[in-house]
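# Working through the structure, step by step
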Amino acid sequence: VVTASQRKNSNPFVVTKAVDLTDDQIQELWVDVVSTTDAMAELARPSSPMPTYVLGGKGSGKTHLMRYHAFELQTLRYQRDSLSLRTGIAQDGYVGMYLRCSGLNAGRFGGKRQSPELWNEVFAYYMELWLAQSLLKVLIALGAGKEDGDEKELAAVIMGQFDSEPEEIPTGLEEIVSLLSKLQKELDYQVNNCIVSGKLEPSILVTRGNLIFGIPKLITKRYLFLRDVMFVYSMDEFENLTINQQAFINTLVRERELPVTIRVGGRLYGVKTWHTNSAEEEILQNSEYELLPLDERFRAHKKKYKDFSHAIIHKRLLAAFEATMRLPDLEVHEHLTRIFDIPDHSSWRSEEFLDIVGPGGSENRRHFEILREKLNSIQPMGVRSRREIDLVVQRLSSQRFPLLEKLNTLILYQDWSNGKNVFQSSEAISFSCKEFVAREQQRGRYASALGHFKSDLIAQMLRENGRKQDYSGLQSFIDMSAGLPRALLTILKYVFDWSAFNGEEPFTNQRVSTDAQQRGVKDASDWFYENMRKAGPDGAIIQASIDRLANLFRINRFGDKPIECSLIAFSLDEHAVSQEALRVVKLAESRSFLIRVPGGQRDRNSERITMKLQLNNMLAPRWDLPIARRGAINLKPAEVNAIFDPARTDEYQLVYRDWTERTNAPFPTKKPNTKERQGVLF
Amino acid sequence: LIDYTIFYRDSLPLNESWSREYDLFVSAYNGSQRVKTVYEKVNARRKLWILHDEYSFEADERPEGECFSCKSEDEGEYILQLFDYLSSDLSILRICVDITGFMRPHIAFGLKYLYDSSVTKLDMLYSEPSQYKKKESTQFSSSPVELVRQVVGFEGEVNNDTSNDLLIIGAGYEHELIADVADEKDKARKIVLLGLPSLRADMYQQNAWRTQQASDAIGEGVTSKLFIPANDPFVTASVLSKLVAKQEMIQPVTNLYLSPIATKAQTLGFALYYLAERRNSNTSLIFPFSGSYARDSAIGIARVWRYTIEFPVI
């Protein structure tokens, strides 16, 4: 048995980024959920000739995916399967060359008293040298020429791709790599020093594409084992390139020649242009390239994502504590679900609710204290005296079922806001409650309200009684991560740390306490908020607008009468909001603070389909919000502008006040129509 | 290895006049008492304030005396225009530069320019604050980072093999900067250098606390923490020299990234080390650039250091 202190030091989730994993770890932790015959399968088509842009939020698994299909990892798999490199490559039908654009330090290819046109030329030549070296190193590893006894001839053919000959003609692949490396260094020197020297005059020895497309064409004809092999340049971190440099890569995608294809990996916001250098035309989706929005796919295939999540957790646990975690596949799901302590909130009869409200008489519970205060100070229709207040509370009381008491108060507030006689309402509610307890009807206003608002009522009950919100259980963590595996691993990392800190023995001998889960989830939510923003002046603007939005959702969740149940989603008419607000909405979406809900929402008045978005589930615990989306609110253009346009602080204050008034007693006396309310507000 | 500690370094008295004379004195105006005091006390035939756009001074806020400012897209262009403006044979001048108010990338490129201009010797001054205004919460950059890039003139050759890239961060108070730099080179192993001895006793804890907040970007389980003095560029350069040599012995470093984001004295140390040992190699100086900087983040003046740089030694 592993002790708690050892466990604390061996958190299996401590590495959450693929870049921090070794090639062996990438191989070991790889989970194959994609090689099936559904829409996810395109992830597993590395030999497809169609270029692909793999885009996703930070931590969606782009790098893991691209590295897995790189030659270094292919080699590891062939070793594992006792295959020769040549046999393995022939069987795979592709060879992957993984390169990170950040390694180029692309920012240096600009300015320095040189023209943009010259920089474009220099960058294109630099890329040719850079990619060609990567290709040749793979060929050397495959023994091309050397094992075939024709290396000199091969070298001569490759050198034939050059427009002018260098001083010393290489006679082998290693020498060609050295030559390209020397040319690259010379270019580096000129690029780096041209600001002082004033000179940037590279001698360009090869036409663009002659090496990176030309060499694969030559060698697939020359060697049988490469005959049906696709050469894949995988360029990760596309966001690190400038607009002109991205246009150049897009041009390569357009002009690529078989047997070469290109994969581009980048963040959601990473694509600055789809233009090419060919007369500024854009490359065309689905004919010239495919788009693979990774986390969106994960979200769309919930079952797959759940299986995938279980598998990656199991792999991590196996790697960390192999002896205790080796389980038959069928038991993995069950075991992982059992690891976490989950309070039973599934039924309104659960005794856990009695524990939350604490001992004592029903009428002294916190929600009734609040109700009494409001009835006493506001005195709505039908309630004037202390005796009437006592009677209302007595009618709403349900000693054994505190959740139903919460529901009773909610319905009372609903009637109150609709201008009904509160005293009479309480009598009707009392009757409905008793009927429900006796027969547990599934239909009718009472049952429907419970079904809709249960999550909000439990959240209110927890908050009113000084308890932490409940986000426990593996499925909650998976839902929170919203298609970003790194977010899931980060939650587990923090939960594990808290569990070990609490003296538990997480993930093996005992269940992880709800306390550790709550603290871990909160930390993970804060991590997401701080770390998804990234650099740039817009980062703070995104955070500020998300703060505003989430605070409105919180007002709704904890209001006397929420406008919508489990509200973390909203729709907006993108044609009616200000340009700045729409820009910030899209920025927040590109940084994964907001998630687009597929299909949008139909506007009740205009029948127009509007843009529908939700707060990223990872952020929900930061504001005690639900992680499961149910209701959605159609935000008015003025509200969208006030939330997402950073300059409109005063207008936001009005929206904030409006939401507070609409969701809390005494409620606006007469519900004004939309135009009137907008007029009042702005 | 070069022993940088043989360079002269002394502390100048605040209550006495300074005897050394110069032909040219350059300082960057940031409104702080520190730079004004030093500007007053230095004896020079020509004194020049340079005005960085990043401090956003209005025309009526300019200091008395000769000023230089220019619109430039980067530190390289700025420094070139500065020396075009000075139009002097630098190699025959006795030069003194107060680096306290300078932008860090400008310190680095300026040093490179002087090194390449056959200047053999110059003094650089750095004044320590008594305290930062908001202690561990002090923000020096007043807007978020817009771009992390190599400093002009300190852009190394690219090694296509990135399997053992190393990022050494001279970590200051602003964890956002540390996180941004670490994010930019997230594939690289990271070593964080904290300022110890710090400028003031409590500044080490403040520095360590802020650095901890960037732990997610730095990565866990791959981080080493080492120390460099906050006010000594020569020891900083020596520590870097030994550290990199040791790393190279363990396993050759494929690409080396140096990021000085703490004190200006440390920035000078990073630049010196680069010019002396890492030119035309796989080494780059990288920096997180913000659009604007707080003019005056410190209170008081504790000590003024004079560092004498003798280029032939390096």
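The structure this text deals with has already been given above.
Residues numbered from 1 in each chain as written. Chains lettered and ligands numbered in written order. Predicted model: local features only at pLDDT ≥ 70, side-chain atom pairs only at ≥ 80, totals over all residues. Heavy atoms only, no water.

## As for the overall build of chain B
Scanning chain B from terminus to terminus reveals eight helices and 15 strands. Evaluated residue by residue, chain B yields a buried proportion of 62% over its 314 residues. Long-range contacts, defined here as pairs at least 24 residues apart, represent 81% of the contacts in chain B between residues at least 6 apart. Carbon together with sulfur atoms contributes 48% to the accessible area of chain B, which is approximately 11,800 Å² in total. (Helix = DSSP H or I, 4+ residues; strand = E, 2+ residues; numbered from the N terminus. Buried < 20%, exposed > 50% of the residue type's maximum accessible area, 1.4 Å probe, protein only. Contact = heavy atoms within 4.5 Å. Areas by Shrake-Rupley, 256 points an atom, 1.4 Å probe, with all protein chains shown as cover.)

## Brief notes about the overall build of chain A
Of the regular secondary structure elements, chain A holds 28 helices and ten strands. A burial count over chain A gives 57% of its 682 residues as buried. By sequence separation, contacts in chain A at least 24 residues apart represent 76% of the contacts at least 6 residues apart. Carbon and sulfur atoms form 48% of the exposed surface of chain A, whose accessible area is close to 29,000 Å².

## Quick notes on the interface of chain B and chain A
If you look at the interface, chain B gives 34 residues, while chain A gives 37 residues. Counting the surface lost from both chain B and chain A, the interface buries some 3,200 Å², and carbon and sulfur atoms represent 43% of this. There are four salt bridges connecting chain B and chain A. The residue Lys112 of chain A makes a salt bridge to Glu155 of chain B at a minimum N-O spacing of 2.6 Å. The interface formed by chain B and chain A includes eleven residue pairs in polar contact (both at pLDDT 80 or more). If you list the elements that add at least two residues to the side of chain B that touches chain A, you get α2 (75-86), α3 (104-116), β8 (145-150), α4 (175-184) and α6 (215-218) of chain B. Among the elements that line the side of chain B that touches chain A, the one with the most residues is α2 of chain B, at five residues. (Buried area = accessible area lost by both parts, 1.4 Å probe. Salt bridge = Lys/Arg side-chain N within 4 Å of Asp/Glu carboxyl O. Polar contact = N/O pair within 3.5 Å; in protein donor to acceptor, adjacent residues only side chain to side chain.)

## Re the packing of helix α16 (residues 366-378) of chain A against helix α17 (residues 386-396) of chain A
Residue and element names in this part refer to chain A. At their nearest, the axes of α16 and α17 sit 10 Å apart, and the two run at 150 degrees to each other. Handedness of the crossing formed by α16 with α17: right-handed. Here α16 contributes Phe368, Leu371, Arg372, Leu375 and Asn376 to the contact with α17, which in turn contributes Ile389, Asp390, Val392, Val393 and Leu396. (Axes fitted to C-alpha atoms, helices over the stretch in contact; angles between N-to-C directions. Left-handed = near helix turned anticlockwise from the far one by under 90°.)

## Considering the sheet that holds strand β3 (residues 230-236) of chain A
All names here are of chain A. Ordered by their spatial adjacency, five strands build an open sheet running β2-β3-β4-β1-β5, and the pairing between neighbours is parallel. A single partner strand is all that each edge strand has here, and the edge strands are β2 (94-100) and β5 (290-293). Strand-to-strand twist of the sheet, defined as the mean angle between neighbouring strand axes without regard to direction, takes the value 20 degrees. As defined by bridge partners, β2 adjoins β3 across seven bridges and the pair is classed as parallel. Bridge pairing in β3 links Met97 to Tyr233. The sheet strands contacting helix α10 (residues 243-255) are β1 (52-56), β3 and β4 (260-267), and the helix crosses β4 at an angle near 145 degrees. (Pairing = 2+ DSSP bridges.)

## Digging into unusual backbone geometry
All names here are of chain A. For the bond running from Leu258 to Pro259, omega is 10 degrees, close enough to zero to count as cis. Take Pro259: it is sitting in the loop between α10 and β4. Look at the link from Ala665 to Pro666: it is a cis peptide, with omega at 15 degrees. As for its position among the elements, Pro666 is in the loop between α27 (649-663) and α28 (674-681).

## Focus: the packing of aromatic side chains
Tallied over the entire structure, the rule returns 36 aromatic pairs over all chains. Grouping aromatic residues by their ring pairs yields a cluster made of Phe109, Trp119, Phe123, Tyr126 and Phe248 of chain A. One residue, Lys47 of chain B, lies across the ring of Tyr39 of chain B, its end atom 5.2 Å from the ring centre. (Phe/Tyr/Trp six-rings, centres within 6.5 Å; stacked < 30°, edge-to-face > 60°. Lys NZ or Arg CZ within 6 Å of the ring centre and 35° of its normal.)

## Details of the nonpolar core
All names here are of chain B. Formed by 78 residues in total, the largest nonpolar core has its most connected members in Ile50, Ile168 and Leu258. A per-element tally of this core places helix α8 (residues 264-278) first, with nine residues. Setting aside residues no more than four positions away along its own chain, Leu258 makes contact with Ile168, Leu240, Phe270, Tyr273, Tyr274, Thr283, Ser284, Leu285 and Ile286. (Core = buried A, V, L, I, M, F, W, Y, C linked by side-chain atoms within 4.5 Å.)

## Observations regarding helix α23 (residues 514-531) of chain A
Over its 18 residues, α23 of chain A extends 25 Å from the first C-alpha to the last, a length consistent with the 26 Å expected when each residue adds 1.5 Å. What α23 of chain A keeps buried is the set Ala516, Gln517, Gln518, Gly520, Val521, Ala524, Ser525, Trp527, Phe528, Tyr529 and Asn531 of chain A. (Expected span 1.5 Å × (residues − 1).)

## Some thoughts on α2 of chain B
Residues and elements named next belong to chain B. For α2, which comprises twelve residues, the first-to-last C-alpha distance of 16 Å matches the rise-based estimate of 16 Å (1.5 Å per residue) to within 8%. Among the twelve residues of α2, nine are classified as buried, and the element is accordingly described as predominantly covered. All of the buried residues along α2 are Glu75, Gly76, Glu77, Tyr78, Ile79, Leu80, Leu82, Phe83 and Leu86. For α2, the N-terminal cap is Asp74; the gap from its side-chain oxygen to the backbone nitrogen of Gly76 is 2.9 Å. Positive phi shows up at Ser87, right after α2, with a value of about 35 degrees.

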